[in-house]
Amino acid sequence: MKSRYPIIMLLVANLMAISCNSRSPEFMRFDLPSANHLTIDSLGENEYKITTKGHDPYIFLKKLKKPLSKDQTVLTFEYSSAKGVNFLEVFFFSEETGSFGSNLAGSQKGPGLEVTEEIAIYSVDLGESIENFNWNSEKGFIRLDFGDRDNTEIIIHNIYFRNRNKTESALFKEKEAFKALDQQANDKLANYLSNDYQSSVTHVEVLDSTLRIKGNYHSDDGKAILHAVKPWENITLLEQFEGMELTQSPFSIELERFVNIDGFLYDQALSKWVIAKGKKLLSSARHADYIKPERNLPEGKLAGRKGIGGYHIGRGYSSDLVDFPASSITVNIWITRFIYLDERENTIAHEYGGKTYYFDSITVEGYDRTMLEASKHNIIVAAILLVNSASQSADPKVGQLLQDENFGGENAFYTMPNMTSIESVHCYAAALDFLTNRYGREDNKYGRIHHWIMHNEVDAGHVWTNMGSNRPLHVFLDAYYKSMRLCYNIIRKYDEHSEVLASFTHSWSEPVPVDGDYATLDLLNGLLRYSEVEGDFQWGLACHPYPEDLNEPKTWNDNSATFKMNSPMVTFKNLEVLDKWIKLPENKYLGTQKRTVWLSENGTNSRSYSEQDLAEQAAGFAYAWKKMKHLDGIDAFQWHNWMDARGEFGLRIGLRKYPDDETDPAGKKPVWYLFQAADTSQEDKVFEPYKSIIGINDWSEIIHTVE
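Reading guide: rules and limits
- Residues numbered from 1 in each chain as written.
- Predicted model: local features only at pLDDT ≥ 70, side-chain atom pairs only at ≥ 80, totals over all residues.
- Heavy atoms only, no water.
- Helix = DSSP H or I, 4+ residues; strand = E, 2+ residues; numbered from the N terminus.
- Rg over C-alpha atoms; globule rule 2.2 N^0.38 Å.
- Buried < 20%, exposed > 50% of the residue type's maximum accessible area, 1.4 Å probe, protein only.
- Core = buried A, V, L, I, M, F, W, Y, C linked by side-chain atoms within 4.5 Å.
- Contact = heavy atoms within 4.5 Å.
- Pairing = 2+ DSSP bridges.
- Axes fitted to C-alpha atoms, helices over the stretch in contact; angles between N-to-C directions.
- Lys, Arg positive; Asp, Glu negative; His and termini not counted.
- Salt bridge = Lys/Arg side-chain N within 4 Å of Asp/Glu carboxyl O.
- Polar contact = N/O pair within 3.5 Å; in protein donor to acceptor, adjacent residues only side chain to side chain.
- Parallel < 35°, antiparallel > 145°, perpendicular 65-115°, else oblique.
- Left-handed = near helix turned anticlockwise from the far one by under 90°.
- Nonpolar A, V, L, I, M, F, W, Y, C, P; charged D, E, K, R; others polar.

Participant: Can you help me understand the overall build of the protein in this one?
Facilitator: Secondary structure assignment for the protein yields 15 helices and 30 strands. A compact globule built from 707 residues would reach a C-alpha radius of gyration of about 27 Å, and the protein, at 27 Å, matches this within 12%. When the backbone C-alpha atoms are referred to their principal axes, the protein occupies close to 80 × 70 × 60 Å. Taking all 707 residues of the protein together, 57% fall into the buried category.

Okay, here's the thing in structure tokens:
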């Protein structure tokens, strides 16, 4: 039998860590009654045995008797575990209630507890989170979440906060230096966007094999340089660019569209163009105003507003497309799951820019069947473009190219596509070109993708579109804007009607609690500013206006959804705010055309399959639909998840039950029948019983004026 006592080296390390503190540590104690999905037994002084009993095991720690010093940032403890824990997450709570009606300040997800029968030491530096969440150790408290695995046993001894050791201090200083450089980059981008330049590139036109660029400039000697800023280049680092001399203003020049760069045949339709003199910008940059389409595709027009989110023909129950009927769907496309740099068995070759890339034929054929099924019913399709991390990519070499350089994998589902080198940009562009070429054909051989949703919930970027944690607004926005523009400039080569849509949570003027990084409004205003500065393009919104608490279907009780333009959130309760915003002249495409708005991922939850919970879920949808009917600024509504899914964090948000439900697999919930009746002659009759749950006598009571 192996000993449970500390081995000498670990004990020494622990003693050294304790000695780093300016005072003896205060060992923390578990608040035993707060245990969730776990049992906990006290084995002695400051020693506990924890056994997880579900997939959300957590427990609170009692408040500290004395506040921590500013240097005590590392949470540490001794442990042993035969199975280990896949992650440890620390939640920070305060005594004060925040603007979202919660005393939760934030969380930090750390590495797991490795398998060990010897006593080992676990340490995690919480300093950055303590600062970011403004957590007060005197008034606040923390909760520990021990992964998501059932039947795991952990022995824990001596939990306390200590000072950083030398290694941790060095790492902290390195992070602080990176943050300082990041902030400098942010400030440069902000200054660029706010500058009022006297010169300008006025029009960029992309033709079959050439580009036409027009503009004017002011220069003392009548000379300036026109630079092509490639997607992997930074507009604020002018010295990296190559350019051509301008000798008269105004100017109109014609250039070759395709040029060789480091062995790649680069399409200059992807560049933006700027005027400079030496190291000084004379103008803002400008993207292509017009890209001549190679094909003549009809505009896809919605037949209604009902749609399905996350549809794939492989999920079955395609009869719902007709029974609802659905007029739109979203389809998740995980780019890095089916692209290879080298030829493999059962792959489809695609040549782009002088290089050949390969796509898994089985995955592609699944998308073909999905798109063709939609096309058969005249359904408009929006693809959701998702980029997995390198470790989750089919080809690790592709994963390394497309994973953001600062990707933080512990907290993230997807990465922001890396666009810092020509190799990465070319690979990403090749994937987009393959998809748009295949699903934008005049003969409709494989079906059609009409719109492109760029990644997922970017306002919660560190979770859903990760490029590291706590990136400054303009640094993150610049990367996202580049990805949107790259996709747009490629899809418009095939389809002059196609749009890109920006994806957001139910945030509005404030980031969402816990997972939020940015306020949706800040990102929207940033996109509007880029459109004003560098030329507008047809981008729209793919919003996720779930109820404030995704578990709670009674959205009419949402505290953080107000009827003011600066509402913290936009949920089903206050869709009027989104409707008003999208109609404001300053937010329209070229100042005249309303931008597209899809509620591309949303729904109400049934906490269980009890009659009451199912009725409340249906009432939540009835409320949302009746409100949306009065709001013509919203173009489409896609229900997600279409069927209950085991991977949805315990939510039962589908129109159908779990496909593997023991008694009623994929059974139709009451909300399914409401969704079917919506926008038909049966709507009022089917919706009528749900007024009493909402607490109204007439549907007009749910419509509000926005201040």
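Participant: I would appreciate a short explanation of the nonpolar core in the present structure.
Facilitator: It is characteristic of soluble globular proteins that their nonpolar side chains tend to be buried jointly. Formed by 129 residues in total, the largest nonpolar core has its most connected members in Ile333, Trp452, Val500, Leu541, Phe621 and Phe637. No other element matches helix H9 (residues 473–491), which puts 12 residues into this core. In this view, leucine 541 contacts Leu501, Ala502, Phe504, Leu524, Leu578, Trp581, Ile582, Thr596, Val597 and Trp598; residues no more than four positions away in its chain are not counted. Counting residues in each nonpolar core, the second largest holds 31 residues, with Leu61, Leu68, Tyr79 and Ile130 among its members.

Participant: Can you walk me through the sheet that holds strand E23 (residues 347–352) in this structure?
Facilitator: Pairing between sheet strands relies on hydrogen bonds along the backbone, with the strands arranged either parallel or antiparallel. The 3 strands lie next to each other as E22-E24-E23, forming an open sheet whose pairing is antiparallel. Lying at the two open borders of the sheet, with one neighbouring strand each, are strand E22 (339–340) and E23. Judged from the 6 bridges that link them, E23 and strand E24 (residues 355–360) form a sheet pairing that is antiparallel. Across the sheet, the residue bridging to isoleucine 348 is phenylalanine 359, located in E24. Of the strands in this sheet, E23 and E24 touch helix H5 (residues 361–376), which is tilted by about 70 degrees from E24. Relative to E23, helix H7 (residues 422–438) is tilted by about 110 degrees, and along the sheet it contacts E22, E23 and E24.

Participant: Even after reading the chapter, I still don't get the side chain of aspartate 661, so can you show me in this structure?
Facilitator: Along the chain, aspartate 661 turns up in the loop between strand E30 (636–639) and helix H13 (670–677). Despite being buried, aspartate 661 has no salt bridge partner; arginine 646 is the closest side chain of opposite charge, sitting 5.3 Å away. Of the polar contacts made by the side chain of aspartate 661, one reaches the backbone nitrogen of aspartate 664; its length is 2.8 Å.

Participant: In this structure, what is going on with unusual backbone geometry? I would like to understand it.
Facilitator: Among all residues save glycine, negative phi is the norm, and among peptide bonds the norm is trans. Residues serine 249 and proline 250 are joined by a peptide bond in cis, for which omega reads 0 degrees. Relative to the assigned elements, proline 250 resides in the loop between strand E13 (243–246) and strand E14 (251–256). With a phi close to 60 degrees, asparagine 46 is a non-glycine residue in the positive phi region. Assignment of secondary structure puts asparagine 46 in the loop between strand E1 (38–44) and strand E2 (47–52). We classify asparagine 46 as buried; its relative accessible area is 15%.

Participant: I tried to follow the pairing of strand E15 (residues 258–261) on my own but got confused; where do I start?
Facilitator: Looking down a regular strand, the side chains alternate between one sheet face and the other. In this sheet, strand E16 (residues 264–267) lies alongside E15 in antiparallel orientation, the contact comprising 4 bridges. Directly across from valine 259, in E16, lies its bridge partner tyrosine 266.

Participant: Sorry if this is basic, but what is going on with the pattern of salt bridges here?
Facilitator: When charged atoms on two side chains of opposite charge get close, those side chains can pair. Counted by the stated rule, this structure contains 38 salt bridges. Measuring nitrogen to oxygen at the nearest pair gives 3.1 Å for the salt bridge that ties aspartate 208 to lysine 292. Taken as a pair, aspartate 208 in the loop between strand E10 (200–206) and strand E11 (210–216) and lysine 292 in the loop between strand E19 (290–291) and strand E20 (306–308) lie far apart in primary sequence, 84 residues in all. The exposure class assigned to aspartate 208 is partly exposed, which follows from its relative accessible area of 47%. Salt bridges sharing partners connect three or more residues here, namely Glu552, Lys554, Arg607 and Glu616.

Participant: Quick question: what am I supposed to make of the packing of helix H3 (residues 166–194) against H9 here?
Facilitator: In a pair of packed helices, the angle between the axes and the distance between the axes together describe the arrangement. At a minimum axis distance of 7 Å, the contact between H3 and H9 shows a crossing angle of 70 degrees. When the interaxial angle is binned, H3 and H9 end up roughly perpendicular. H3 and H9 meet at a crossing whose hand is left-handed. Here Asp182, Ala185, Asn186, Leu189, Ala190 and Leu193 of H3 come into contact with H9, specifically with Leu473, His474, Val475 and Asp478. Partitioned by chemical class, the residues of the contact of H3 with H9 number 6 nonpolar, 2 polar and 2 charged.

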